Amino acid sequence: MSTHTHQSAALETALNVQVANWTLLGMKLHHYHWYVKGPQFFTLHEKFEELYNEAAGYVDELAERLLAIGGQPVSTLKQSIELSTLEEAKGGEEAKAMVAELVKDLGIVARELTETIPVAEEGSDQPTADLLIGMRASIEKHMWMLNAFLG
């Protein structure tokens, strides 16, 4: 097996993990959006909506990038749950616990993106690297804001 083929397969797998993660995060963020309660309701209700819209955009961008490089994006909830490195919402979370869980999830995704960017670059796939770098920058900004919220 040539290095290029091995790199391509590794990149496709890593991108599919992110399709799965953002699919699961989208559902989790909808759950948080619908069920958040308390004095921070308006702030968090709006923030969770912003984030699930961003998640939906990432699912589409990642899947289309996968198709463009000859990969096959996961496209069912079952596949997404099996492949994701994140966990579904449990239900009954308090507002602060939702935010803390979200920070943890975004940290996992940021770490995975950091590991995947060089794989794309080594395969001379700058468009994929650029997509992932942009996602990481946005995630890090959200993490900073959510951590500030948590104090």
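What you see is a predicted model; the values in this text were computed from it and never measured.

A short note on the environment of Glu-12
Okay, so step 1: Locating Glu-12 in the fold gives a position in helix H1 (residues 3–35).
Okay, so step 2: Exposure remark for Glu-12: the relative accessible area of 24% places this residue in the partly exposed category.
Okay, so step 3: In this structure the C-alpha to C-alpha distance between Glu-12 and Ile-69, which are 57 residues apart in sequence, comes to 8.4 Å.
Okay, so step 4: Beyond its immediate chain neighbours, meaning those up to four positions away, Glu-12 contacts Leu-66, Ile-69, Gly-70 and Gly-71.

Regarding the side chain of Asp-125
Okay, so step 1: On the secondary structure map, Asp-125 appears in the loop between helix H4 (95–122) and helix H5 (126–150).
Okay, so step 2: Judged by relative accessible area, Asp-125 falls into the buried class, the value being 9%.
Okay, so step 3: A polar contact is formed between the side chain of Asp-125 and the side chain of Arg-65, at a distance of 2.8 Å.
Okay, so step 4: When sequence neighbours within four positions are dropped, the list of residues in contact with Asp-125 reads Leu-11, Arg-65, Ile-69 and Ala-120.

A closer look at the environment of Phe-48
Okay, so step 1: In this structure, Phe-48 sits in helix H2 (residues 41–68).
Okay, so step 2: For the pair Phe-48 and Ala-129, spaced 81 residues apart in the sequence, the C-alpha separation amounts to 26 Å.
Okay, so step 3: The residues contacting Phe-48, other than those within four sequence positions of it, are Leu-29, Tyr-32, His-33, Val-36, Met-98, Val-99 and Leu-102.

With respect to a nonpolar patch on the surface
Okay, so step 1: Taken together, the side chains of Met-27, Leu-77 and Ile-81 make up a nonpolar region of the molecular surface, amounting to roughly 290 Å² of accessible area.
Okay, so step 2: Following the sequence through the fold, Ile-81 ends up in helix H3 (residues 77–83).

As for the nonpolar core
Okay, so step 1: Judged by nonpolar contacts, the single largest core of 40 residues is most densely connected at Trp-22, Phe-48, Leu-62, Leu-102, Leu-106, Met-135 and Ile-139.
Okay, so step 2: Secondary-structure elements contributing two or more residues to this core are H1, H2, H4 and H5.
Okay, so step 3: When residues of this core are assigned to their parent elements, the largest contribution, 12 residues, is made by H4.

Regarding the packing of aromatic side chains
Okay, so step 1: In this structure the tally under the stated criterion is three aromatic pairs.
Okay, so step 2: Between Trp-22 and Tyr-58, the ring centres sit 4.8 Å apart and the planes meet at 70 degrees, which makes this aromatic pair edge-to-face. In this pair, Trp-22 sits in helix H1 while Tyr-58 sits in helix H2, placing the two residues 36 residues apart along the sequence.
Okay, so step 3: Ring centres 5.1 Å apart and planes at 85 degrees place the aromatic pair Phe-41 and Phe-42 in the edge-to-face group.
Okay, so step 4: A residue is classified by how much of its surface remains accessible, and Phe-41, at 24% relative accessible area, is partly exposed.

Rules used throughout
Residues numbered from 1 in each chain as written. Predicted model: local features only at pLDDT ≥ 70, side-chain atom pairs only at ≥ 80, totals over all residues. Heavy atoms only, no water. Helix = DSSP H or I, 4+ residues; strand = E, 2+ residues; numbered from the N terminus. Buried < 20%, exposed > 50% of the residue type's maximum accessible area, 1.4 Å probe, protein only. Contact = heavy atoms within 4.5 Å. Polar contact = N/O pair within 3.5 Å; in protein donor to acceptor, adjacent residues only side chain to side chain. Patch = residues over 30% accessible without salt bridge, like charges linked within 9 Å, V, L, I, M, F, W, Y side chains within 5 Å. Areas by Shrake-Rupley, 256 points an atom, 1.4 Å probe, with all protein chains shown as cover. Salt bridge = Lys/Arg side-chain N within 4 Å of Asp/Glu carboxyl O. Core = buried A, V, L, I, M, F, W, Y, C linked by side-chain atoms within 4.5 Å. Phe/Tyr/Trp six-rings, centres within 6.5 Å; stacked < 30°, edge-to-face > 60°.

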